Amino acid sequence: MSLYEDYLSEIETRKAEGLSPKPIDDAALLREVIAHIEDPASPHRADCLHYFTYNTLPGTTSAAGEKAQFLKRIIDGDAVVPEITPAFAFELLSHMKGGPSVKVLLDLALGEDEANARDAGEVLKTQVFLYEADTDRLKAAYEAGNPVAEDILKSYAEAEFFTKLPDVEDEIEVVTYIAAEGDISTDLLSPGNQAHSRSDRELHGKCMISEQAQKEIEALKLQHPGKRVMLIAEKGTMGVGSSRMSGVNNVALWTGKQASPYVPFVNYAPVVAGTNGISPIFLTTVGVTGGIGVDLKNWVKVLGEDGKPILGNDGNPILEQKYSVATGTVLKIDTRSKKLLTEDGGEELADIADSFTPQKVEFMKAGSSYAIVFGKMLQTFACETLGIPLKSAFAPAREISHEGQGLTAVEKIFNANARGKATDKPLHAGSDVRVKVNIVGSQDTTGLMTSQELEAMAATVISPSVDGAFQSGCHTASVWDLKAQANTPRLMAFMNRFGLITARDPKGVYHSMTDVIHKVLNDITVDDWAIIIGGDSHTRMSKGVAFGADSGTVALALATGEATMPIPQSVKVTFKGEMAPHMDFRDVVHATQAQMLAQHGDNVFQGRVIEVHTGTLLADQAFTFTDWTAEMKAKASICITDDETLIQSLEIAKSRIAIMIEKGMDNEAGMLAGLIAIADNRIAQIRSGEKPALKPDDNAKYFAEVVVDLDAIVEPMIADPDVENPDPSRRYTHDTIRPISYYGAQKKVDLGFVGSCMVHKGDIKIVAQMLRNLEADQGKVEFQAPLVVAAPTYNIIDELKEEGDWEILQKYCGFEFDDAAPKTNARTAYENILYLERPGCNLCMGNQEKAAKGDTVLATSTRLFQGRVVADSETKKGESLLGSTPVVVLSAILGRTPTLEEYKGAVEGIDLTKFAPPVKTPLDSLSVHF
């Protein structure tokens, strides 16, 4: 059977599912399509013309290469297709976004046919995705006296590809749609259990919110033609939890504008809003698609005569509605005054200036943020080639410097990595900065989208300025099902060719790794001054500063080695007192949250960098804190570490990178070996005193400061989703922190989970130590609920085997993963035994393994979203409560939450993750030893 016949068969299958033909990305298939077009007698000719014109993916897909070459043949007169004139062929090339289409356009523009050269030149003036090979050709032709090349360069120097685009409308009418009440996680917009379909945009779009919601949105569009649907998180924040380019793509698919008539299911310009604004990383994703994110502030706290919020019976501030955004409300956005107005424009409802900064308006005008990044580079190249001064067509970067004010840690990192600064003065928070990206991470459920974005922006190789980049397989590690078998090898092959270190070797030489991406990135980050971009909200390294990002921003970082963003404000977190011997560091994490809310009333972490002074806490353990900051809606976090502690962390990182090299994971460029060299250099700088561990200046300015009292932490705490709270906006937040005594040993636990990126080697050792303790005390250990344990990395398992801990885990486990025979079906039921699962995300991801519907799960995970780890049953809401490893283990053994006395007995003598506040460093010492 031919590929085209296979395609027709697939079309029929998709039609039965209510889907359109899948866009073509394969060159071999498109060659058959072209053959039918060139055969006047083919009964498939009309359909193939349609598929060629409207259903072929652009960029650097292999199909795009075939399409570009066929269009060139039409333009040159070597092929005749009455329906595709040379003028129409040029129009189609203009929508193909670079790569093979730009090569064809350059061939024509620099060729001998003057008419074609002129027309190709006009199309090239509209293109921005040019790479070094393309600009080198232009430069050489210009230097050889080619007038078309000169004309193109002059257009680029004026940035006509941007300036000739239509401006953003002065007024935008929107009709509201409330997606949910309370914080909206990106799981609602793009469920984790549908991750396998993200690269099939039409199919994935069917999972947004619900079928009913999709019908209601379509009805609103019919009722309000010409108005844009604004998707709203009422009494909450939109897009918490992760960046999810797929979530923004889905919103754009249902509410946005079509990017090109010749590219199916790629929409842009969504409008999203929340009472408490947009989660920072989600807002970045909105900018990638040229969308608008609005902070509504439509519910406000009721203040007493003393100016403080009045609290209700539940201890939470009472809110009153400032104005209604009920579904179907028509509002007007005035982009000139940057105000949100009533439908008639007569009343101002909110100041939305933050939604329309000069930079964000440029994203809206260009249709994406990375069109602006490439445009700036292209204009600079043209001016340098022509030897004329650069008169930037873009909004100047905002450079804010306060005389005499010191720098926070994030301000220091941004200043050190800044590119294109207009001043030598130090930049402070609020400045817009282009920065070098040192480390980039791509994970498997977003990786296929990242590869699509790379193809769309015509990128073929990683930027040489990136120090390290890794493609993981952890989010789909649990089950090697047909979806994983179809997607994972294809993704790994693409990323390996692109220049990343990949968890799976396309050549099959080294053993496939499913290590949790955040743990790998934490190891390959070997400089505390580094900037890290990763395709997951938990990209929160304990060295350097890391930002979770959407698949488009990850693609841009891989392709250019840069990112552009404002320098965030910081909140300083320090500690006082002493940890009780029975407490675990995870309880310090929960206490930070609870004490912050008690001290400030509001979540001062949201949208800011948490600068946490961890002192002697090694990178592995400190990651527990930085990882959790994603759930606080923080922009990022930075650990301030002692010199000697940082050196120890870098040595550990070096040893783990060396293991990766020994396994054969390094690439031809020697990326991993280069990271070891960077680590050695950094260690030498610290030891010599040339450049001690990163620390803020004493006179740095913070948005707020939080002091965590360790003495106040007297019993383990649990983050509770509070699923029965009568106020829906209070459910599934991380704000409800309860001591275990709250539950009175009566809270039934149906399943325990120790795993995800929140745990480290010490956590798995705690599981082993508790089993030994309880065995010694009771003779044997019996589980009253299942306990699932998933180590984050293979090297942790290897170390546990060497140190004798794996043996006790094997003794009590009823299932141990086997890479030689991986599971091909997701687990649907759990027995009351210990499960030793394959390294990876496991239950935390919720796309493969899940607890039984309606279960109460106690987990070390980070996610307590509705439906993530556990879905609701018809009679009971599923609960995902978060606690420390010893609390989870003991609760699974008891089948319920423990009393404080039971807990203390179970952990007696166990080496829990300890922490002590750093002390002042003596003036004559570079570091402090504890």
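Across the sheet, which stays open at both edges, the seven strands sit in the order S8-S7-S3-S1-S11-S12-S13 with mixed pairing between neighbours. Only two strands of the sheet have a single partner each, and these edge strands are strand S8 (292–295) and strand S13 (348–351). For this sheet the average axis-to-axis angle between neighbouring strands, irrespective of direction, equals 30°. Two elements, strand S11 (residues 330–334) and strand S12 (residues 339–342), share four bridges in a ladder whose sense is antiparallel. Paired with Ile333 across the strands is Leu340, a residue of S12.

The next thing to look at is unusual backbone geometry. Trans peptide bonds make up most of the peptide bonds, and negative phi angles are found at most residues other than glycine. Phi at Tyr732 takes a positive value of approximately 60°, unusual for a residue other than glycine. With respect to the secondary-structure elements, Tyr732 resides in the loop between strand S26 (717–719) and strand S27 (737–739). Even without being glycine, Ser756 reaches a positive phi, approximately 80°. Looking at the secondary structure, you find Ser756 in the loop between strand S28 (751–754) and helix H27 (761–778).

Pairing in this open sheet of four strands is parallel, and the strands run S24-S23-S22-S25 from one edge to the other. With one partner strand each, in any of the chains shown, strand S24 (636–641) and strand S25 (704–709) form the two edges of the open sheet. Averaged over all neighbouring strand pairs, the angle between strand axes comes to 25°, with direction disregarded. Relative to S24, helix H18 (residues 409–417) is tilted by about 100°, and along the sheet it contacts strand S22 (570–576), strand S23 (609–615) and S24.

It is worth spelling out the packing of helix H19 (residues 444–456) against helix H20 (residues 482–498) at this point. Relative to each other, H19 and H20 sit at 50°, their axes nearing to 10 Å. When the axis of H19 is compared with that of H20, the two are oblique. In this structure, the crossing between H19 and H20 has a hand that is left-handed. For the pair H19 and H20, contact is made by Asp444, Gly447, Leu448, Thr450, Ser451, Leu454 and Glu455 and by Asn487, Arg490, Leu491, Phe494, Met495 and Phe498, respectively.

Under the defined criterion, the tally for this structure stands at 61 salt bridges. In this structure, the salt-bridge partner of Glu122 is Lys125, at a minimum N-O distance of 2.9 Å. Take Lys125: its relative accessible area is 12%, and that puts it in the buried class. In this structure, Glu453 and Arg201 form a salt bridge, with 3.5 Å as the shortest nitrogen-oxygen distance. Residue Glu453 is located in helix H19, and its partner Arg201 is located in helix H12 (residues 201–205); the two are separated by 252 residues in the primary sequence. Salt bridges sharing common partners tie together Lys761, Lys765, Arg772, Glu799, Glu803 and Asp805.

What follows deals with the side chain of Asn415. Within the secondary structure, Asn415 is located in helix H18. One polar contact links the side chain of Asn415 to the main-chain amide nitrogen of Leu427, over a distance of 2.8 Å. Ignoring any residue separated from it by four or fewer positions in sequence, one finds Asn415 in contact with Leu407, Lys421, Lys425, Pro426 and Leu427.

Inspection of the entire model under this criterion finds 18 aromatic pairs. Both rings, one in Tyr7 and one in Tyr51, keep their centres 5.5 Å apart while their planes meet at 85°; by these two values the pair is edge-to-face. On the criterion of sequence distance, the pair formed by Tyr7 in helix H1 (residues 3–16) and Tyr51 in helix H3 (residues 45–54) is long-range, its members being 44 residues apart. Just as Tyr7 is buried, Tyr51 falls in that class too. Put simply, the rings of Phe129, Tyr131, Tyr370 and Phe374 pair up and form one aromatic cluster. A cation sits over an aromatic face here: Arg827 above Phe815, 4.6 Å from the ring centre.

With respect to the helices and strands, the residue Glu411 is situated in helix H18. Of the side chains with opposite charge, Lys412 comes closest to the buried, unpaired Glu411, at an N-O distance of 9.2 Å. When near neighbours in sequence (up to four residues on either side) are disregarded, Glu411 contacts Gly406, Leu427, His428, Ala429 and Ile567.

A word on helix H9 (residues 147–157). All of the buried residues in H9 are Ala149, Ile152, Leu153, Ser155, Tyr156 and Ala157. Tucked inside the fold, the buried residues of H9 contact helix H6 (100–109), helix H7 (114–124), helix H8 (132–143), helix H10 (160–163) and helix H17 (369–386). Taking the backbone nitrogen of Val148 as reference, a side-chain oxygen 2.9 Å away marks Asn146 as the first, capping residue of H9.

Ranked by size, the top nonpolar core spans 188 residues in total, and within it Ile84, Phe470, Leu809 and Leu834 carry the most contacts. Core analysis: the second largest hydrophobic core is formed by 34 residues, Val573, Phe575, Val604 and Phe605 among them.

Before going further, it helps to spend a moment on the environment of Phe703. Inspection of the secondary structure puts Phe703 in the loop between helix H26 (671–688) and S25. Taking the C-alpha atoms as reference points, Phe703 and Leu618, 85 residues apart in sequence, are found 27 Å from one another.

What follows covers the environment of Arg137. Within the fold, Arg137 resides in helix H8. Residue class for Arg137 comes out partly exposed when judged on its relative accessible area of 30%. Placed 385 residues apart in sequence, Arg137 and Asn522 show a C-alpha to C-alpha distance of 40 Å. Once you skip the residues sitting within four places of it in the chain, Arg137 turns out to touch Lys103, Leu106, Asp107 and Leu110. Looking at Arg137, its side chain comes within polar contact range of the side chain of Asp107, at 2.9 Å.

This part covers the confidence of the model for the chain. Confidence in the prediction of the chain, expressed as mean pLDDT, is 92, and 98% of residues score 70 or more. A low-confidence stretch, residues 921–930 (pLDDT under 50), is modelled with 19 contacts involving residues beyond four sequence positions or located in other chains.

The full count for this structure, using the stated rule, is zero disulfides. Here Cys474 is not disulfide-linked; the sulfur of Cys841 is the nearest cysteine sulfur, at 3.8 Å. Unpaired in terms of disulfides, Cys639 finds its nearest cysteine sulfur in Cys757, a separation of 14 Å. Since its relative accessible area comes to 8%, Cys639 is described here as buried.

The two faces of strand S29 (residues 787–790) match: Leu787 and Val789 on one face and Val788 and Ala790 on the other face are all buried. Bridge analysis of S28 against S29 gives three bridges, and the strand direction is parallel. When the sheet's bridge partners are listed, Phe753 is paired in S29 with Val788. Where the polypeptide runs from S28 across H27 and back to S29, its parallel neighbour, the crossover connection is right-handed. In this structure, S29 lies alongside strand S31 (residues 834–837), joined through four bridges in parallel fashion. By the bridge assignment, Ala790 is partnered in S31 with Glu837.

Bringing the pairing of S12 into the picture now. Joining the antiparallel neighbours S11 and S12 is a turn of four residues, in which Lys338 adopts a positive phi near 60°. Alignment of S12 against S13, held across three bridges, turns out to be antiparallel. Each bridged residue has a counterpart across the sheet, and for Lys339 the counterpart in S13 is Asp351.

It is worth spelling out H18 at this point. The buried fraction of H18 amounts to eight of the nine residues, a majority that puts the element mostly inside the structure. Residues of H18 that are buried: Ala409, Val410, Glu411, Lys412, Ile413, Phe414, Asn415 and Asn417.

With that settled, the discussion passes to the environment of Lys412. Structurally, the position occupied by Lys412 is in helix H18. For Lys412, a relative accessible area of 18% puts it in the buried group. Spatially, the C-alpha atoms of Lys412 and Ile683 are 19 Å apart, while their sequence positions differ by 271 residues. Setting aside residues up to four positions removed in sequence, Lys412 forms contacts with Leu407, Trp529, Leu694, Lys695, Pro696 and Asp697.

Conventions adopted
- Residues numbered from 1 in each chain as written.
- Predicted model: local features only at pLDDT ≥ 70, side-chain atom pairs only at ≥ 80, totals over all residues.
- Heavy atoms only, no water.
- Pairing = 2+ DSSP bridges.
- Helix = DSSP H or I, 4+ residues; strand = E, 2+ residues; numbered from the N terminus.
- Axes fitted to C-alpha atoms, helices over the stretch in contact; angles between N-to-C directions.
- Contact = heavy atoms within 4.5 Å.
- Parallel < 35°, antiparallel > 145°, perpendicular 65-115°, else oblique.
- Left-handed = near helix turned anticlockwise from the far one by under 90°.
- Salt bridge = Lys/Arg side-chain N within 4 Å of Asp/Glu carboxyl O.
- Buried < 20%, exposed > 50% of the residue type's maximum accessible area, 1.4 Å probe, protein only.
- Polar contact = N/O pair within 3.5 Å; in protein donor to acceptor, adjacent residues only side chain to side chain.
- Phe/Tyr/Trp six-rings, centres within 6.5 Å; stacked < 30°, edge-to-face > 60°.
- Lys NZ or Arg CZ within 6 Å of the ring centre and 35° of its normal.
- Lys, Arg positive; Asp, Glu negative; His and termini not counted.
- Core = buried A, V, L, I, M, F, W, Y, C linked by side-chain atoms within 4.5 Å.
- pLDDT = per-residue confidence, 0-100.
- Disulfide = S-S within 2.5 Å.
- Right-handed = clockwise from strand over helix to strand, strands pointing away.

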